[in-house]
Amino acid sequence: MRKLTKEQEAIELGKIWMKRSRSVGHGFEHAQQVSIHMLNIYEELKESNPKYVKDIDNNLIELAAWWHDCYKATILSSSIKDMFLEGNKSAEIFEIQTKKFIKKIRRKRVQDVIKVHNLNFLQMIKGRKIDPLLRIIYEADGLEAISKKRYVNIMKKRMGILKKLFIILLHNYLIFYIGVMKKSEYGKNVYKKQRNQKLLKV
């Protein structure tokens with residue numbers, strides 16, 4: 001068996017972390033799907049615009065995918081405050097857990113992306129001026145956020161009527177937002193498969 005590099009060990013550690021997730025919507029399957037989406041978007045960009053992604057590689061993609069929600073994986077339920085702070089908290093966990101595996105300059109690149117991965121309105125404001133790795137995770141995480149399977153799993157969780165209503169509204173807002181966001185051809189195809197989802201009854 002081929003020996004893993006230090007960065008690959010950090011990726012595997014991220015997988016273990018997400019397998020232990022306490023969150024219904026932010027566990028192994030979510031991170032895995034984000035990873036799949038990111039790699040497909042990255043491969044497309046390598047063909048269509050190689051200069052744009054010239055300083056990205058598969059390891060950076062997978063590190064960002066497997067660690068971006070590591071804080072949410074530690075909590076059962078997110079508060080409104082968590083929605084704004086979780087990027088910073090995940091970046092802190094990533095720094096602590098992977099420090100011995102990844103060189104500082106590459107670790108900081110992923111850490112900076114994780115910090116703001118939840119603030120995807122920056123995609124609308126800055127467009128192509130943002131880090132290409134961040135643009136890729138915005139699209140990939142957004143596509144996974146509107147996944148019907150993920151949505152149904154979250155809605156099965158016991159919760160109050162107001163929170164359930166909030167999740168329904170948020171899900172449908174995301175369907176609209178991802179629809180108007182600039183996407184890769186891959187992203188457009190995935191979105192088409194997701195956009196006809198209906199509201200679940202409260």
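A few points about a nonpolar patch on the surface
Okay, step 1: A cluster of nonpolar side chains, Met83, Phe84, Leu85, Phe166, Leu170, Tyr173, Phe176 and Val180, forms an exposed patch at the surface whose accessible area comes to about 750 Å².
Okay, step 2: Those elements that place two or more of their residues in the nonpolar patch are helix H4 (80–98) and helix H9 (161–180).
Okay, step 3: The leading source of residues in the nonpolar patch is H9, at five residues.
Okay, step 4: Within the element layout of this structure, Phe176 appears in helix H9.

Section: the side chain of Asn118
Okay, step 1: Looking at the element boundaries, Asn118 is found in the loop between helix H5 (104–116) and helix H6 (121–126).
Okay, step 2: The buried category is assigned to Asn118, whose relative accessible area is 17%.

Examining the packing of aromatic side chains
Okay, step 1: Inspection of the entire model under this criterion finds three aromatic pairs.
Okay, step 2: Taking 5.0 Å as the distance between ring centres and 45 degrees as the angle between the ring planes, the aromatic pair formed by Phe28 and Trp66 counts as tilted. With Phe28 in helix H2 (residues 28–48) and Trp66 in helix H3 (residues 58–67), this pair connects stretches of sequence that are 38 residues apart.
Okay, step 3: Classification of Phe28 by relative accessible area gives partly exposed; the value is 25%.

Details of the pattern of salt bridges
Okay, step 1: Counted by the stated rule, this structure contains eleven salt bridges.
Okay, step 2: Between Glu86 and Lys72 there is a salt bridge, with the nearest N and O atoms lying 3.5 Å from each other. Here the residue Glu86 occupies a position in helix H4, and Lys72 occupies one in the loop between H3 and H4, the gap between them amounting to 14 residues. Like Lys72, Glu86 is buried.
Okay, step 3: Between Glu139 and Arg135 there is a salt bridge whose closest N-O contact spans 3.1 Å. One end of the pair, Glu139, and the other, Arg135, are both in helix H7 (residues 132–145), four residues apart, so they sit about a helical turn from each other.
Okay, step 4: By relative accessible area, which is 6% here, Arg135 ends up buried.
Okay, step 5: Here the salt bridges share partners, and the residues they tie into one network are Glu7, Asp57 and Arg106.

Definitions and cut-offs
- Residues numbered from 1 in each chain as written.
- Predicted model: local features only at pLDDT ≥ 70, side-chain atom pairs only at ≥ 80, totals over all residues.
- Heavy atoms only, no water.
- Patch = residues over 30% accessible without salt bridge, like charges linked within 9 Å, V, L, I, M, F, W, Y side chains within 5 Å.
- Areas by Shrake-Rupley, 256 points an atom, 1.4 Å probe, with all protein chains shown as cover.
- Salt bridge = Lys/Arg side-chain N within 4 Å of Asp/Glu carboxyl O.
- Helix = DSSP H or I, 4+ residues; strand = E, 2+ residues; numbered from the N terminus.
- Buried < 20%, exposed > 50% of the residue type's maximum accessible area, 1.4 Å probe, protein only.
- Phe/Tyr/Trp six-rings, centres within 6.5 Å; stacked < 30°, edge-to-face > 60°.

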